[in-house]
Amino acid sequence: MRFNTKAVHEGLPLDPETGAVTFPIFQTSTFQQETPGVPRKHMGRDLSYARTENPTRTALETALATVEDAKYALAFASGLAAVTCVLNTLKTGSHVIACSDLYGGSYRAFTKVYAKLGLEFTFVNTTRLEEIEAAIRPNTVLLWLESPSNPLLNITDLRAASEIAKRKGIRVLVDNTFATPYLQKPLELGADIVLHSTTKYLNGHADAINGALVTNSEEIWQELKFVQNACGLIPGPQDCYLVLRGIKTLPLRMERHCSNAKKIAEYLSKHPKVAKVFYPGLPYHPGHEIAKKQMCDFGAMVSFELRDDSGTAYRPFLERLKLFTLAESLGCVQSLICHPPTMTHASVEPEARKKAGISEGLIRISVGIEDVEDLIEDLEQAFEGISS
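This structure is a prediction, so every number in the text was calculated from the model and none was measured. (Residues numbered from 1 in each chain as written. Predicted model: local features only at pLDDT ≥ 70, side-chain atom pairs only at ≥ 80, totals over all residues. Heavy atoms only, no water.)

**Thoughts on the overall build of the protein**
Put simply, the rule is: Numbering of helices and strands starts at the N terminus; helices are DSSP runs of H or I of at least 4 residues and strands are runs of E of at least 2. Atoms considered for the radius of gyration are the C-alpha atoms alone. The globule rule reads 2.2 Å times the number of residues to the power 0.38. For the exposure calls, accessible area comes from a 1.4 Å probe over protein chains only, and a residue counts as buried if that area is under 20% of its type's maximum, exposed if over 50%, partly exposed in between. Computed by Shrake-Rupley with a 1.4 Å probe, the accessible areas treat only the displayed protein chains as cover when residues are assessed. In summary, the charge assignment counts Lys and Arg as positive and Asp and Glu as negative, without counting His or the chain termini. Lysine's charge is taken at NZ, arginine's at CZ, aspartate's at CG and glutamate's at CD.
The number of helices and strands found in the protein is 13 helices and 14 strands. Rg of the C-alpha trace for the protein: 21 Å, near the compact-globule value of 21 Å for 388 residues, within the 12% margin. When its C-alpha atoms are laid out on the principal axes, the protein stretches across 75 × 50 × 35 Å. Relative to its 388 residues, the protein shows a buried fraction of 55%. Looking at the protein as shown, the accessible area adds up to about 16300 Å², and 52% of this sits on carbon and sulfur atoms. Side chains of the protein give 41 positive and 45 negative charges; the mean places of these two sets differ by 3 Å.

Structure representation (structure tokens):
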């Protein structure tokens, strides 16, 4: 079955009780038991308490596994709840290698929360495979990748990086939020776990907070599911319903997102007030050829730096925009724009941002599905308001 059909049908069952075409929101905290200790069954799951199982969440987890071509999926209260779940499976003294330009919230959780609890983290440029190999220690248990990365859109060779980790018995996690399962399938490239902030493209409408972990390993799924339940990291049924709704239109939205992003990246690359564009769809991007091999398209995230000696032109530029909404997050139908150093990556220390290549003037765009000519006109009028 092809992706578009899977997104609409497979994993999105009719409710077996009612035949409802849109799967219902089971807004309940607990379920009746007719005999003590013998839960009711629904969709093959035991229903006793909604923290452990909820039919709306089960439907979402089934859909997430289906679109990732995976055996197992778990839904969470947020992308960071999914991050928390993975880290809570590790023992004190475990070492994690992560890409240096990763999501600021993940970096904050690593360095400000879990480092205090005895986990060790090393941040490297994972596009350089030799840096991954050099960082491996006897206690390394996890390689944490983003490709494309947030916010520099770096591309890691997921298959090659996974092979390095596997030779040492190290698990591989790929945050696939930017690419989505429509553009990239990390499990097929050697990853053990795929992470999503389903708040973003999978939901697509900026009206739900949600996260997901996907795997083909029953052992890993059982470990993660235990923590999901034991730590109460679950999403509510309303948010699960909204992500279920979003998955149905993911292919249609991603095609428009990607088409618009390519045109905007090309426009920015030729603009005299732009110094540098980060977008793997541009032929000169250092990860372009790898992205062509492991992705179906290049995604809808574009970052760029202004040609600005003062380093402050980003502020009037962002404030002049009318169609682009200045906001954190990404992946919704409307175009969003942000300044990572003061917004999404403000929790990353300035020296760590500099080392990762995140300049103080970096701007990140989440390209929406509007008419691309309107978006380009909006960018142009904003450029007109800043000096060369």
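**Topic: the sheet that holds strand 12 (residues 325-326)**
This is how the line gets drawn: We call two strands paired when DSSP finds no fewer than two bridges between them.
With respect to topology, 5 strands assemble into an open sheet ordered 10-11-14-13-12, the strand pairing being mixed. A strand with exactly one partner marks an edge of an open sheet, and here the two such strands are strand 10 (274-278) and strand 12. Relative to strand 14 (residues 362-366), strand 13 (residues 336-338) is paired through 3 bridges, and the arrangement is antiparallel. Looking at strand 14, one finds that Ile337 is bridged to Ile365.

**A look at the environment of Ile193**
Selection criterion: Pairs of residues are marked as contacts when any of their non-hydrogen atoms sit within 4.5 Å.
Along the chain, Ile193 turns up in strand 8 (residues 193-196). Using a relative accessible area of 3% as the deciding quantity, one classes Ile193 as buried. Apart from the residues lying within four places of it in its own chain, the contact partners of Ile193 are Val172, Leu173, Val174, Leu187, Leu213, Val214 and Ile220.

**Remarks on the sheet that holds strand 7 (residues 171-175)**
In plain terms, the rule: For every element, the axis is a line fit to its C-alpha atoms; helices are fit only across the contacting stretch, and the angle between N-to-C directions ranges from 0 to 180 degrees.
As summarised here, the arrangement of the 7 strands in space is 3-9-8-7-6-4-5, forming an open sheet in which the pairing is mixed. Whereas interior strands pair on both sides, the edge strands pair on one side only; in this sheet they are strand 3 (72-76) and strand 5 (120-124). Pairwise comparison of adjacent strand axes, ignoring direction, gives a mean angle of 20° for this sheet. Pairing analysis gives 5 bridges linking strand 6 (residues 140-146) to strand 7, with the strands arranged parallel. Paired with Leu142 across the strands is Arg171, a residue of strand 7. Lying over the sheet, helix 4 (residues 104-114) contacts strand 4 (95-99), strand 5 and strand 6, oriented at roughly 145° with respect to strand 5.

**Some remarks on the packing of helix 3 (residues 79-87) against helix 4**
What counts is decided by this rule: Any angle that is under 35 degrees is reported as roughly parallel, and any over 145 degrees as roughly antiparallel; angles of 65 to 115 degrees are reported as roughly perpendicular and all others as oblique. Whether a crossing is left-handed or right-handed is set by the direction in which the near helix is turned from the far one by less than a right angle, anticlockwise for left-handed and clockwise for right-handed. Each residue is assigned to one of three groups, with Ala, Val, Leu, Ile, Met, Phe, Trp, Tyr, Cys and Pro labelled nonpolar, Asp, Glu, Lys and Arg labelled charged, and all others, Gly among them, labelled polar.
Axis separation between helix 3 and helix 4 bottoms out at 10 Å; the angle between their running directions is 40°. Our classification of the angle between helix 3 and helix 4 gives oblique. Crossing geometry of helix 3 relative to helix 4 is assigned as right-handed. Of helix 4, the residues touching helix 3 (which contributes Leu80, Val83, Thr84 and Leu87) are Gly105, Ser106, Arg108, Phe110 and Tyr114. Taken together, the residues that form the contact of helix 3 with helix 4 break down as 5 nonpolar, 3 polar and 1 charged.

**Quick notes on the environment of Glu377**
Take Glu377: it is sitting in helix 13 (residues 372-384). Judged by relative accessible area, which is 52%, Glu377 ranks as exposed. With 360 residues separating them along the chain, Glu377 and Glu17 place their C-alpha atoms 51 Å apart.

**A short note on the nonpolar core**
Operational definition: To form a nonpolar core, buried Ala, Val, Leu, Ile, Met, Phe, Trp, Tyr and Cys residues must be joined to one another through side-chain atoms within 4.5 Å.
Ranked by size, the top nonpolar core spans 71 residues in total, and within it Ile264, Leu268, Phe304, Phe317, Leu379 and Phe383 carry the most contacts. The element best represented in this core is helix 9 (residues 237-269), accounting for 12 residues. Ignoring anything within four residues of it in the chain, the contact list for Leu268 reads Val274, Val277, Val302, Phe304, Ile365, Leu379 and Phe383. Core analysis: the second largest hydrophobic core is formed by 30 residues, Leu74, Tyr107, Leu119 and Leu233 among them.

**Some points on the pairing of strand 8**
Residues of strand 8 alternate between two faces, with Ile193 and Leu195 on one and Val194 and His196 on the opposite face, all of them buried. Across 3 bridges, strand 7 lies against strand 8 in parallel orientation. Across the sheet, residue Val174 finds its bridge partner in strand 8, namely Val194. Direction of pairing for strand 8 relative to strand 9 (residues 211-215): antiparallel, over a ladder of 4 bridges. Within strand 9, the residue paired with Leu195 across the bridge is Leu213.

**Examining the packing of aromatic side chains**
Threshold: Stacked, edge-to-face and tilted labels apply to pairs of Phe, Tyr and Trp rings (six-membered ring for Trp) whose centres lie within 6.5 Å, assigned for plane angles under 30 degrees, over 60, and everything in between, in that order.
Taken as a whole and judged by the stated rule, the model has 11 aromatic pairs. Summarising the aromatic geometry, the rings of Phe23 and Phe26 are spaced 6.0 Å apart at their centres and angled 45° between planes, so their arrangement reads as tilted. Owing to a relative accessible area of 22%, Phe26 belongs among the partly exposed residues under this scheme. Members of the aromatic cluster, each reached through a chain of ring pairs, are Tyr107, Phe110, Phe121, Phe123 and Trp144.

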